[in-house]
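Here's the letter readout for the chains.
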There are 2 protein chains.
Amino acid sequence: MAVYTEVTDEELNSFIGNYDVGRLLSFKGIAEGVENSNFLLHTDKASYILTLYEKRVNPDDLPYFLNLLQHLARKGLSCPTPVPSRDGKLLGTLAGRPAALVTFLEGMWVKRPRVDHCSELGKAMAELHLDGMDYEGYRKNALDVTGWRPLFEQCGARTDSVHAGLGAEISRELDYLEANWPADLPKGVIHADLFPDNVFFLGDELSGLIDFYFACNDALAYDIAICLNAWCFEHDGSFNVTKARALLKGYASVRPLETDEYEALPILCRGAALRFLLTRLYDWLSVPQGALVTPKDPLEYLKKLRFHQTVGNAQAYGLER
Amino acid sequence: MAVYTEVTDEELNSFIGNYDVGRLLSFKGIAEGVENSNFLLHTDKASYILTLYEKRVNPDDLPYFLNLLQHLARKGLSCPTPVPSRDGKLLGTLAGRPAALVTFLEGMWVKRPRVDHCSELGKAMAELHLDGMDYEGYRKNALDVTGWRPLFEQCGARTDSVHAGLGAEISRELDYLEANWPADLPKGVIHADLFPDNVFFLGDELSGLIDFYFACNDALAYDIAICLNAWCFEHDGSFNVTKARALLKGYASVRPLETDEYEALPILCRGAALRFLLTRLYDWLSVPQGALVTPKDPLEYLKKLRFHQTVGNAQAYGLER
């Protein structure tokens, strides 16, 4: 849950006055986005989301994210579209923080995705990858294979306090991934955080993608691997190959996978599992005592990692080539 | 900030299906209401607020609150209007909790009310009091003069840890208020919590009143006293008599004060100040160590109480009779 920055009446009115969005009717802080403060606005024209960027987002990255959203929206992808101010800027300042106004996207995320949701997700992700092909911005993936070991080293000896033997297990996996990580896969803009809460549906139809604040340039198939981890495991830890097949078939119906991408899926899934294992481990060890926010369980991703380690080849994910 | 109850997709769809509100388009937890979980819903018809009542609200009181809102809305007062389910009920159940759907009220609360806001507030409060006259429900004010001493006793010896001598000061004030509290003032439905965050404006016009979960039957002028405390002190602790005059004149333009109400204002203001001093003191002493929520400062209301103790008669509040 976000920590909300206080915005005074004068600051808000002055900020909104910079945009051609009509008369402000309401302004509510919403409980979404752990990283930023988000407010839902109604005006006499439409609904909007106002985001104040808090500490965890690097302000230098904001033009990449906002220009990307504008680029994708122009291509026809359903995503929050930044509203330019009267002087044409996508990024403003409110209450001393970088701030942006984007269109409000109707839809709700699905807490228990079904097979058909996975298929829709696959299609939308492939459209995102195609639409991003000619985006001119570039942002390195700060959490790619080169970023995992430094993160692990920050967790240090306390790693084993979470689970006995975890440090050695991560260390072996890092050795393997660093030695075998595929370098030459097709690259482009990836979302890098397409968890169910960032994908909106209206009924059975996907209505849009949100929260592009991990977007970056990396292997397209790595985005698929993140989603196989996030969408295709059941609550009991079992892997649902029907969901994985639906996701991959949906994706391939829009953008067919190249052979090397397909064959790399098992190692990409291992890498994606380790990436979320490491960030969750780091957050777990960093949460102050007595905090009300419960960090997400790192061991969920240890189980996912172990599953992918048993996978012989990409056919295990359900898609025949 | 509210603790949000998790609502599953199935529960939500089943709940919304009971109401004639159209197709659900979005559903966001909002950061309003410390006592309950509130969600802002868009449907293809309108916007609504869905409230899940958490532990601090007594479920037996909910029919009083919801029927009151319906009564006031029918009289023409601008307030959230409960939406009846298809079988005519205002109160339902969602995620194991009592739940209600109300219309969404456009408007924003004013963080720094000006004189004209106080005048509008006075008028709206008087309208609320007149509209409530023929409401058939009855709810005792749990925090009236008879409820203050038990609350103080729960704070006990730790009171002086907040401020040296505070216990003795409260004790003397309680003796005075219990001996002199006016018994025969005109009574009716009062809001009892009309702080600025419960009063919405659109521009300079008051657009509605919200959050009736302290509403009860008590002296009408006590509601005025609560507002004199909540709206007419500046951040530096000074009393702004121009604001008080505007509030009282606005009120009297809709419902003239009777002589005994007018003359009782100083003691009612002392009582209202003590009531919020005590609840804030209790919350201050009850907050667990390490909690992220900062309780409101009880001493703000000690200063307000001391101001009213110096008031000789009601003319000090700016309204001549």
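Residues numbered from 1 in each chain as written. Chains lettered and ligands numbered in written order. Predicted model: local features only at pLDDT ≥ 70, side-chain atom pairs only at ≥ 80, totals over all residues. Heavy atoms only, no water.

1. Re the sheet that holds strand β6 (residues 108–109) of chain A
All names here are of chain A.
Here's step 1: On the basis of which strands lie adjacent, the open sheet formed by 3 strands has the order β6-β8-β9 and antiparallel pairing. Edge positions in the open sheet fall to β6 and β9 (205–209), since each of these has one partner strand only.
Here's step 2: Note that β6 and strand β8 (residues 199–202) share 2 bridges and pair antiparallel. Within the sheet, the bridge partner assigned to Met108 lies in β8 and is Phe201. (Pairing = 2+ DSSP bridges. Helix = DSSP H or I, 4+ residues; strand = E, 2+ residues; numbered from the N terminus.)

2. As for the relation of the copies chain B and chain A
Here's step 1: Structural alignment of chain B on chain A gives an RMSD of 0.0 Å, achieved by rotating through 180° and translating 0.1 Å along the axis. As the rotation angle and translation indicate, the two copies are arranged about a two-fold axis. Scanning chain B for the C-alpha nearest the rotation axis identifies Ile30(B), at a separation of 2.2 Å.
Here's step 2: The overlap is high: 100% of the interface residues of chain B also sit at the interface in chain A, so the same surface is used on both sides. (Least-squares fit on C-alpha atoms with pLDDT ≥ 70 in both. Contact = heavy atoms within 4.5 Å.)

3. Focus: the packing of helix α4 (residues 145–155) of chain A against helix α9 (residues 259–286) of chain A
Residues and elements named next belong to chain A.
Here's step 1: Viewed as axis vectors pointing N to C, α4 and α9 meet at an angle of 30°, and their least axial separation amounts to 10 Å. Overall, the two elements α4 and α9 adopt an arrangement that is roughly parallel. The handedness of the crossing between α4 and α9 comes out as left-handed. Within the contact between the two elements, α4 uses Trp148, Leu151, Phe152, Gln154 and Cys155 and α9 uses Gly271, Leu274, Arg275, Leu278, Thr279, Leu281, Tyr282 and Leu285.
Here's step 2: A per-class count over the contact of α4 with α9 returns 9 nonpolar, 3 polar and 1 charged. (Axes fitted to C-alpha atoms, helices over the stretch in contact; angles between N-to-C directions. Parallel < 35°, antiparallel > 145°, perpendicular 65-115°, else oblique. Left-handed = near helix turned anticlockwise from the far one by under 90°. Nonpolar A, V, L, I, M, F, W, Y, C, P; charged D, E, K, R; others polar.)

4. Concerning the sheet that holds strand β9 (residues 205–209) of chain B
Here's step 1: Overall, antiparallel pairing links the 3 strands, which are arranged β6-β8-β9 (chain B) in an open sheet. A single partner strand is all that each edge strand has here, and the edge strands are β6 (108–109) and β9 of chain B.

5. Examining the pairing of β9(B)
Moving residue by residue along a regular strand, the side chains alternate between the two faces of the sheet.
All names here are of chain B.
Here's step 1: Counting buried positions over the 5 residues of β9 gives 4, a clear majority of the element.
Here's step 2: Pairing of strand β8 (residues 199–202) with β9, which is carried by 4 bridges, proceeds in the antiparallel orientation. Bridge pairing links Phe200 to Gly208 in β9.
Here's step 3: The hairpin formed by β8 and β9 contains 2 residues between the paired strands, and Gly203 there has a positive phi angle of roughly 60°. (Buried < 20%, exposed > 50% of the residue type's maximum accessible area, 1.4 Å probe, protein only.)

6. Focus: the packing of aromatic side chains
Here's step 1: Per the counting criterion, the structure on display carries 28 aromatic pairs over all chains.
Here's step 2: For the ring pair Phe276(A) and Tyr301(A), a centre distance of 5.6 Å and an interplane angle of 40° mean the geometry is tilted. Taken as a pair, Phe276(A) in helix α9 and Tyr301(A) in helix α10 (residues 298–309) lie far apart in primary sequence, 25 residues in all.
Here's step 3: By relative accessible area, which is 0% here, Tyr301(A) ends up buried.
Here's step 4: Ring plane angle 90° and centroid distance 5.6 Å describe the contact between Phe233(B) and Phe307(B), whose orientation is recorded as edge-to-face. In this pair, Phe233(B) is assigned in the loop between α7 (220–231) and α8 (241–254) and Phe307(B) in helix α10 (residues 298–309), connecting sequence segments 74 residues apart.
Here's step 5: Judged by its relative accessible area of 11%, Phe233(B) is buried. (Phe/Tyr/Trp six-rings, centres within 6.5 Å; stacked < 30°, edge-to-face > 60°.)

7. Some thoughts on the side chain of Lys28(A)
Here's step 1: For Lys28(A), the location among the structural elements is in strand β1 (residues 24–30).
Here's step 2: Judged by its relative accessible area of 4%, Lys28(A) is buried.
Here's step 3: Beyond its immediate sequence surroundings of up to four residues, Lys28(A) is in contact with Asn38(A), Phe39(A), Leu40(A), Ile30(B), Glu32(B), Leu40(B), Phe104(B) and Phe200(B).

8. Describing the domain arrangement of chain A
Residues and elements named next belong to chain A.
Here's step 1: Split by domain assignment, chain A resolves into domain 1 (9–103) and domain 2 (109–317).
Here's step 2: Its C-alpha centre places domain 1 at a distance of 27 Å from the equivalent point of domain 2.
Here's step 3: Taken together, the contact between domain 1 and domain 2 spans 18 residues of the former and 23 residues of the latter.
Here's step 4: Of the roughly 1700 Å² buried at the junction of domain 1 and domain 2 (both faces included), carbon and sulfur atoms supply 63%.
Here's step 5: When the area that domain 1 buries against domain 2 is broken down by residue, the three leading residues are Tyr64, Phe65 and Leu77, summing to 34%.
Here's step 6: Taken together, the links from domain 1 to domain 2 amount to 2 salt bridges.
Here's step 7: Salt-bridge contacts for Lys75 lead to Asp134; the nearest nitrogen and oxygen are separated by 2.7 Å. (Domains from an automatic or database assignment. Buried area = accessible area lost by both parts, 1.4 Å probe. Salt bridge = Lys/Arg side-chain N within 4 Å of Asp/Glu carboxyl O.)

9. Notes on helix α3 (residues 115–132) of chain B
All names here are of chain B.
Here's step 1: Counted at 1.5 Å a residue, the expected span for α3 with its 18 residues is 26 Å, and the 26 Å between its end C-alpha atoms agrees.
Here's step 2: Those residues of α3 lying buried are His117, Cys118, Ser119, Leu121, Gly122, Ala124, Met125, Ala126, Leu128, His129, Asp131 and Gly132.
Here's step 3: The secondary structure elements touched by the buried residues of α3 are α2 (62–75), β7 (187–190), β8, β9, α7 and α8. (Expected span 1.5 Å × (residues − 1).)

10. Describing the side chain of Glu261(B)
Residues and elements named next belong to chain B.
Here's step 1: Examined against the element boundaries, Glu261 turns out to sit in helix α9 (residues 259–286).
Here's step 2: On the accessibility criterion, Glu261 (0% relative accessible area) is buried.
Here's step 3: What Glu261 contacts, discounting residues up to four positions off in sequence, is Leu185, Pro186, Leu220, Ala221, Arg255 and Pro256.

11. As for the interface of chain B and chain A
Here's step 1: Facing 33 residues of chain B, the contacting portion of chain A comprises 33 residues.
Here's step 2: When chain B packs against chain A, the two sides together hide about 2800 Å² of surface, and 59% of this comes from carbon and sulfur.
Here's step 3: For the chain B face of the interface with chain A, the top three residues by lost area are Lys28(B), Met108(B) and Lys111(B), together amounting to 21%.
Here's step 4: A salt bridge links Asp9(A) to Lys111(B), with the shortest nitrogen-to-oxygen separation between them at 3.8 Å.
Here's step 5: There are 13 residue pairs in polar contact (both at pLDDT 80 or more) connecting chain B and chain A.
Here's step 6: Elements represented by at least two residues in the side of chain B that touches chain A include exactly β1 (24–30), β2 (37–43), β6 and β8 of chain B.
Here's step 7: Ranked by the residues each element gives to the side of chain B that touches chain A, the list is headed by β1(B), at 7 residues.
Here's step 8: Residues of the side of chain B that touches chain A, tallied by class, amount to 17 nonpolar, 8 polar and 8 charged. (Polar contact = N/O pair within 3.5 Å; in protein donor to acceptor, adjacent residues only side chain to side chain.)

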